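Examination of the molecular architecture
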Amino acid sequence: MAQYARGSAVAVIRLRNPPVNALSRAVLQALEDGLKKADADPSVKAVMICGENGKFSAGADIRGFSAPKRLGGALGPVVSLIESSEKPVVAAIEGVALGGGLEVALGCHYRIAHVKARMGLPEVTLGLLPGAEGTQRLPRLIGVPAALDMITTGKHIPATEALKLGLVDEIVEENTIEAAIRLANKVIGQPLGPRRLSLKPVPKVPNMEAFLDEALAKVKRQARGCLAPELCFQAVRAATQSPFADGVRRERELFQVLLSSGQAQALQYAFFAERAVRRWATPGGASWSSAAPQPVRRAAVIGLGTMGRGIVTSLVKANIPLVALEQDLENLNKGRKAVMFLLEREAMKMEGGAQVLDFHNPARLQFTVDFDLLRDVDLVIEAVFENMALKKEIFHKLSKICKPGALLCTNTSALNIDEIASATNRPQQVIGTHFFSPAHVMRLLEIIYGRHTSPTAIATAMQLATALKKVGVVVGNCFGFVGNRMMFPYVQQAVFLLEEGSRPDAVDQALEDFGFKIGPFRMSDLAGLDVGWRSRKDQGLTGPSLPAGTPARQRRGQRYSPLPDLLCEHGRFGQKTGKGWYLYEKAGGRTATPDPWLLNFLSQYRDTHGIQTRFIDQEEILERCLFSLINEGFAILAEGIASGPEHLDVIYINGYGWPKHRGGPMFYASTVGLPRVLAKLQKYSEAHPDVPGLQPSAFLKKLAAVGNPPLKEWMSYLSQQSSKL
Ligand SMILES: CC/C=C/CC(=O)SCCNC(=O)CCNC(=O)[C@H](O)C(C)(C)COP(=O)(O)OP(=O)(O)OC[C@H]1O[C@@H](n2cnc3c(N)ncnc32)[C@H](O)[C@@H]1OP(=O)(O)O
């Protein structure tokens, strides 16, 4: 838990709680005991605190937050105990010092860090604030602007930056522990008053109030409904206004508010969900624990459109040598120019810049139109546009050219992986890798296994996700997979709401107030309405292949809205054409304003189809859009397309702008209560019986009937008979 050892004059306390030395109650107790022992031993002249296995500490044990008061209460007094020690205490920071871990270090009189260590107060990302006096000590040490930045964003900073900020006294490249013991010996007998942060004044900022007002406005803008950043701000502001003890009291009050908020629970759930999805499994019995990935020494990307360019950039950033292929020289040159632009921009953001990325070296990034250069790559990512015939043609070619072990990935958002795999002689090595745009920025990688995909292929794709610093989520093969399949009923409801009387800006506003980064109509304008139009034409839902006499608002016996098709027929593709659901200042413009033309068009449309316009309130907008999406999630779980609700939530948080502080759609459903979700769906489906997306899924009904069990128990109610596993 925490090992106490006395060498010469310096006692060593080593935090020990693998894998990250989280500060559980037992660790804190042992730390306190060690400090008291050192204090009582006259031969001890100084103390050094470090962590086992090259990590200082990742902070409070998040799993212990279910017994919150006791854990929160315990850490602050231990930090005070460290600071009030009459013997100098030195923190030796290796690996990470995060959250409560950094607060322990702030209680120490000196901090020395390894050059590769990272530090931060990421509590805000868990819906909390640094509740062990960190909001009061950090501004005293590094000043209000830097402390506010760290505390309200939760970012981790490297040791080099920590040194510049004055967060650590020294950084070392070799043995941190030895250097810390040397420092401890050196400072024995020196006055400790100036080293006690609680006694220091908060450094002044010219015009502090104006600075704080501006900072608060920024925090609010970025928080979008998340409480923690603003309460973090308030705690730091208290440090600028009150003596240390009063600031600590304020910090504790605010901490309790956050701790009991549903948002903290949602964010902590999201933290563990992201880790849980790494332990993937398929209904066929393949799993992370038995499948070994194969190495990817060289890769290839086919297609340098928007997606391909982002994927190439991602691979270069991950230091994976690759070949980028286009169908002809004109497209190759266009793609190369765009990739180089992205890479230059990425390099500017990185320490070491272009030298680190090394993208001018043809041995690491080669552009070609020659398929033969793909002979010896270990992995290919095809990223051409969504057309089954084209994809099959490419995969057929790949299976003839690529070496036998090469993994063949298709970047598709909806197409059938099995059908693509059928064009090859190695369906076990074909897998879907659904990137999200922009592919070098978005964290999600949906990984889709087909009927024949091997466990090795899945493990390799998951390893690729990690190498690209993405969150890989393994799912089964169905139209739209998990993310887009859940998105269809959501978008469908949004359009139906327009038919019935709402406006694009009202629907977007309701969902953005809920916390989405962007509402469905703004999103559709951004992505381009023509993308969905093409897909609907391919599905025979609109366009020349639609049988004559098909009712305008019905397809295959179900309600259908032709509104998006009609907009496309008017050349309104969204931002790229300067008009879509909104009007933009110019083609390619980004400022959306409600368009009188569209409102008039909607009103004519309703008249034509005899639809009575009615006022639709925010509650109905939210319930119809969100509950239909959640309903599809239950159907997906029942079909075994995803192995747990966490998978759906991680996908939605990382790929679809779902507000993280609401934990993901399935977690949100659990907080609303499944009987309520069910009752609302029943109500809306009675009003709209021709909309299957509103008819409650059997699995949702079952969970509501068995008494609304907690989310972690849901999958145990899925009997073998009712699933397709
Ligand atoms: C008054 C009290 C106030 C307290 C405030 C706090 O201290 S709150 C906690 C603040 N700390 C954090 O937010 C850090 C969270 N952890 C991380 O960011 C990362 O885990 C890491 C430390 C950067 C390490 O990342 P890496 O990718 O190397 O490993 P994993 O993320 O997979 O973590 C390994 C396992 O450790 C578990 N874990 C990590 N941190 C904690 C923690 N603070 N408490 C409990 N458990 C933690 C993590 O869940 C992994 O476990 P698995 O079982 O393998 O999933």
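Residues numbered from 1 in each chain as written. Predicted model: local features only at pLDDT ≥ 70, side-chain atom pairs only at ≥ 80, totals over all residues. Heavy atoms only, no water.

Stated formally: UniProt positions are given in the numbering used here, feature names are shortened, and annotations may be inferred rather than shown by experiment.
In the nomenclature of an unreviewed UniProt entry, the protein chain corresponds to Peroxisomal bifunctional enzyme from the organism Junco hyemalis. Per UniProt, the protein chain carries the Subunit (unreviewed entry) text "Monomer." As stated in UniProt under Pathway (unreviewed entry), the record for the protein chain gives "Lipid metabolism; fatty acid beta-oxidation."

1. A look at the domain arrangement of the protein chain
Rules: For every domain, the bounds stem from an assignment made automatically or drawn from a database. Note on contacts: a residue pair qualifies if any of its non-hydrogen atoms lie within 4.5 Å across the two residues. Buried area is a sum: the accessible area each of two parts loses on coming together, probed at 1.4 Å, counted once for each and added. A side-chain nitrogen of Lys or Arg and a carboxyl oxygen of Asp or Glu constitute a salt bridge if their distance falls within 4 Å. Any pair of nitrogen or oxygen atoms within 3.5 Å is treated as a polar contact; in protein, a donor-acceptor pairing is required on top of that, and neighbouring residues in sequence qualify only through side-chain atoms on both sides. Numbering of helices and strands starts at the N terminus; helices are DSSP runs of H or I of at least 4 residues and strands are runs of E of at least 2.
Each assigned domain of the protein chain is listed here: domain 1 (2-259), domain 2 (299-475), domain 3 (502-608) and domain 4 (618-724). Its C-alpha centre places domain 3 at a distance of 26 Å from the equivalent point of domain 4. On the domain 4 side, the residues contacting the 13 residues of domain 3 number 17 residues. In total, about 1200 Å² of surface goes out of reach between domain 3 and domain 4, with carbon and sulfur atoms giving 68% of it. The largest contributions to the domain 3 side of the interface with domain 4 come from F514, F516 and R559, which together make up 52% of the buried area. Connecting domain 3 to domain 4 are zero salt bridges. Counting across the interface, domain 3 meets domain 4 through five residue pairs in polar contact (both at pLDDT 80 or more). Sorting the residues of the side of domain 3 that touches domain 4 by element identifies α19 (504-514) and β19 (558-559) as the ones contributing at least two each.

2. Looking at the site of the ligand
The cut-off we apply is this: Throughout, near means a residue has at least one heavy atom within 4 Å of the molecule or strand. Residue burial considers only the protein chains on display, and all accessible areas are found by Shrake-Rupley using a 1.4 Å probe. Amino acid classes used here: Ala, Val, Leu, Ile, Met, Phe, Trp, Tyr, Cys and Pro are nonpolar; Asp, Glu, Lys and Arg are charged; the rest, including Gly, are polar.
Within the structure, the ligand sits among 26 residues, and A58, A60, G100, R275 and R278 are positioned closest to it. R63 is positioned such that a nitrogen or oxygen atom in its side chain is 3.4 Å from an oxygen atom of the ligand. Contacts to the ligand include R278, whose side-chain N or O atom sits 2.6 Å from an oxygen atom. Considering the ligand on its own, with 1000 Å² of exposed area, one finds that the protein chains cover 80% of that surface. Of all the secondary structure elements, the ones that give two or more residues to the shell around the ligand are α2 (68-84) and α11 (262-276). Within the shell around the ligand, the residues separate by chemical class into 14 nonpolar, five polar and seven charged.

3. Concerning the side chain of E499
The topology assignment puts E499 in helix α18 (residues 483-500). A polar atom in the side chain of E499 sits 2.5 Å from the side chain of Y605. Setting aside residues no more than four positions away along its own chain, E499 makes contact with R553, R559, Y560, S561, P562, L563, Y605, R606 and I611.

4. Structural notes on helix α17 (residues 455-467)
What counts here: A helix is expected to reach a length of 1.5 Å times the quantity of its residues less one. Only protein chains enter the area calculation, which uses a 1.4 Å probe; residues under 20% of their type maximum are buried, those over 50% are exposed, and those in between are partly exposed.
The first and last C-alpha atoms of α17 sit 18 Å apart over 13 residues, in line with the 18 Å expected at 1.5 Å per residue. Inspection of α17 places A457, I458, A459, T460, A461, M462, L464 and A465 among the buried residues, and these make up the whole buried set. Check the buried side of α17 and you find it contacts α12 (306-317), β13 (379-382), β14 (407-410), β15 (430-435), β16 (444-449) and β17 (471-475).

5. Focus on the packing of aromatic side chains
Put simply, the rule reads: Each Phe, Tyr or Trp ring, with Trp reduced to its six-membered ring, pairs with another whose centre is within 6.5 Å; inter-plane angles below 30 degrees give stacked pairs, above 60 give edge-to-face pairs, and intermediate values give tilted ones. Geometrically, a lysine NZ or arginine CZ counts as sitting over a ring once it is within 6 Å of the ring centre and also within 35 degrees of the ring normal.
With the rule as written, the count across this model stands at 16 aromatic pairs. Ring geometry for F436 versus Y656: centroids 5.3 Å apart, planes at 75°, classification edge-to-face. Note that F436 is positioned in the loop between β15 and β16 and Y656 in the loop between α25 (645-655) and α26 (665-672), a separation of 220 residues in sequence. Each member of the pair, F436 as well as Y656, carries the same accessibility label: buried. Members of the aromatic cluster, each reached through a chain of ring pairs, are Y490, F514, F516, W658 and Y668. Seen from the ring of W533, K537 lies directly overhead, with NZ or CZ sitting 3.6 Å from the centre. Here the basic side chain of R662 rests over the ring of F514, its NZ or CZ set 4.0 Å away from the ring centre.

6. Brief notes about the sheet that holds strand β6 (residues 110-114)
Quick reminder of the rule: When DSSP finds two or more bridges between a pair of strands, those strands are recorded as paired. Axis definition: a line fitted to C-alpha atoms, over the contacting stretch in the case of helices. Angles run 0 to 180 degrees between N-to-C directions.
Spatially, the six strands line up as an open sheet ordered β1-β2-β3-β4-β6-β9, and their pairing is mixed. Of all the strands in the sheet, the pair left with one neighbour each is β1 (2-6) and β9 (170-172). Within the sheet, the average angular offset between the axes of one strand and its neighbour, ignoring direction, is 20°. By the bridge criterion, three bridges tie β6 to β9 in an arrangement that is parallel. Paired with H114 across the strands is V172, a residue of β9.

7. Side note on the environment of A347
Locating A347 in the fold gives a position in helix α13 (residues 329-349). For the pair formed by A347 and N17, sequence separation is 330 residues and the distance between their alpha carbons is 38 Å.

8. Considering unusual backbone geometry
Cis rather than trans, the peptide bond between P18 and P19 has omega equal to 5°. Inspection of the secondary structure assignment puts P19 in the loop between β2 (10-15) and α1 (25-40). Across the junction of S437 and P438, the peptide omega takes the value -5°, indicating a cis bond. When you line up the elements, P438 lands in the loop between β15 and β16. Backbone geometry at N21 places phi at a positive 55°, although glycine is not the residue there. Tracing the sequence through the fold places N21 in the loop between β2 and α1. Positive phi is not limited to glycine here, since N708 has a value of about 60°. The topology assignment puts N708 in the segment after α28 (698-705).

9. Thoughts on the environment of N53
Residue position: N53 is located in the loop between β3 (46-51) and α2. Residue classification places N53 among the exposed positions, given a relative accessible area of 62%. Spatially, the C-alpha atom of N53 lies 8.8 Å from that of G95, the residues being 42 residues apart in sequence.

10. Digging into the pairing of β13
Which entries qualify depends on this criterion: Viewed with both strands pointing away, a crossover whose connecting path from the first strand over the helix to the second turns clockwise is right-handed.
Here β13 shows two buried faces, one formed by L379 and I381 and the other by V380 and E382. Judged from the four bridges that link them, strand β10 (residues 299-302) and β13 form a sheet pairing that is parallel. Residue pairing for β13: V301 is matched across the bridge by I381. Sheet topology note: the β13/β14 ladder contains four bridges and is parallel. Residue V380 lies in a different strand from β14, and its bridge partner there is L408. A crossover links β13 with its parallel partner β14, the connecting element being helix α15 (residues 388-401), and its sense is right-handed.

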